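Commentary on secondary and tertiary structure
Okay, here's what each chain looks like letter by letter:
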Amino acid sequence: KHPNVIQLHEIIYDDQEAYIIEEYCEEGDLEYYLKRQLKLKKRLPEDVISRWMLQILLGIEYLHHLKIIHRYSNILSRDIRPKNIFLTSTGNLKLGSFKASKQL
């Protein structure tokens, strides 16, 4: 439980699938948000960028404390990218998309 990491609510299993129920972030992922801003030719203020960087780093620090990393396929890699960072309606960022994460 960390303010900059998506909350996992529940995992539901059936015969063939696993359904992951996570916290909802109203503004979608950061990639989508940045593309919208680019299309509107809007720049992000420096204070917003600084706040977001701090939130990302705090989320990563928390995950490292738990020895959790993102992974891609069978290759361990850090998969922190705009598509895996989510934006709340209050303008805060949360790390997510842990379907392929690994605990070391």
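A brief structural summary. Quick caveat, the model's predicted, so the values are computed rather than measured.

What counts as what
- Residues numbered from 1 in each chain as written.
- Predicted model: local features only at pLDDT ≥ 70, side-chain atom pairs only at ≥ 80, totals over all residues.
- Heavy atoms only, no water.
- Helix = DSSP H or I, 4+ residues; strand = E, 2+ residues; numbered from the N terminus.
- Expected span 1.5 Å × (residues − 1).
- Buried < 20%, exposed > 50% of the residue type's maximum accessible area, 1.4 Å probe, protein only.
- Arc of directions from axis to C-beta.
- Salt bridge = Lys/Arg side-chain N within 4 Å of Asp/Glu carboxyl O.
- Patch = residues over 30% accessible without salt bridge, like charges linked within 9 Å, V, L, I, M, F, W, Y side chains within 5 Å.
- Areas by Shrake-Rupley, 256 points an atom, 1.4 Å probe, with all protein chains shown as cover.
- Contact = heavy atoms within 4.5 Å.
- Polar contact = N/O pair within 3.5 Å; in protein donor to acceptor, adjacent residues only side chain to side chain.

Points about helix 2 (residues 46–65)
Because the α-helix completes a turn every 3.6 residues, residues three or four places apart line up on one side. Taking 1.5 Å of rise per residue, the 20 residues of helix 2 would be expected to cover 28 Å, and the 28 Å separating its terminal C-alpha atoms lies within 8% of that figure. Inspection of helix 2 places Val-48, Trp-52, Gln-55, Ile-56, Gly-59 and Leu-63 among the buried residues, and these make up the whole buried set. Within helix 2, the buried residues cover an arc of 95° as seen down the axis, which keeps them to one side. Projecting away from the buried face of helix 2 at angles above 90 degrees are the exposed residues Glu-46, Asp-47, Glu-61 and His-65.

What about the pattern of salt bridges?
What the rule picks out here adds up to 4 salt bridges. Across the pair Asp-29 and Lys-83 runs a salt bridge, and its minimum N-O distance is 3.3 Å. Taken together, the positions of Asp-29 in the loop between strand 2 (18–22) and helix 1 (30–39) and Lys-83 in the loop between strand 5 (75–76) and strand 6 (85–87) put the pair 54 residues apart, joining distant regions of the chain. For Asp-29, a relative accessible area of 12% corresponds to the buried category. On the basis of relative accessible area, Lys-83 is assigned to the partly exposed category, the value being 38%. For Lys-35, the salt bridge is made with Glu-31, and the minimal N-O distance between the two is 3.3 Å. Of the two residues, Lys-35 and Glu-31 both sit in helix 1, 4 residues apart, roughly one turn of that helix. Lys-35 sits in the exposed class, given a relative accessible area of 53%.

A short note on a nonpolar patch on the surface
On the surface, a cluster of nonpolar side chains totalling about 420 Å² of accessible area is made up of Leu-8, Ile-11, Tyr-13 and Ile-20. It is strand 1 (residues 8–13) that provides the largest number of residues to the nonpolar patch, a total of 3 residues. With respect to the helices and strands, Leu-8 occurs in strand 1.

Remarks on the side chain of Asn-4
Following the sequence through the fold, Asn-4 ends up in the segment before strand 1. If sequence neighbours within four positions are ignored, Asn-4 has contacts with Gln-55, Leu-58, Gly-59, Leu-93, Lys-94 and Leu-95.

A short note on helix 1
Looking at helix 1, one finds that the buried residues are Leu-30, Tyr-33 and Gln-37. All buried residues of helix 1 lie within an arc of 65° about the axis, which places them on one face of the element. The exposed set on the far side of helix 1, more than 90 degrees from its buried face, consists of Lys-35, Leu-38 and Lys-39. Where the residues of helix 1 are buried, they touch helix 2, strand 6 and strand 7 (93–95). Between the side-chain oxygen at the start of helix 1 and the backbone nitrogen of Glu-31 there is a gap of 3.0 Å, and the oxygen is on Asp-29.

Limitation: the analysis is restricted to geometry and does not speak to function.
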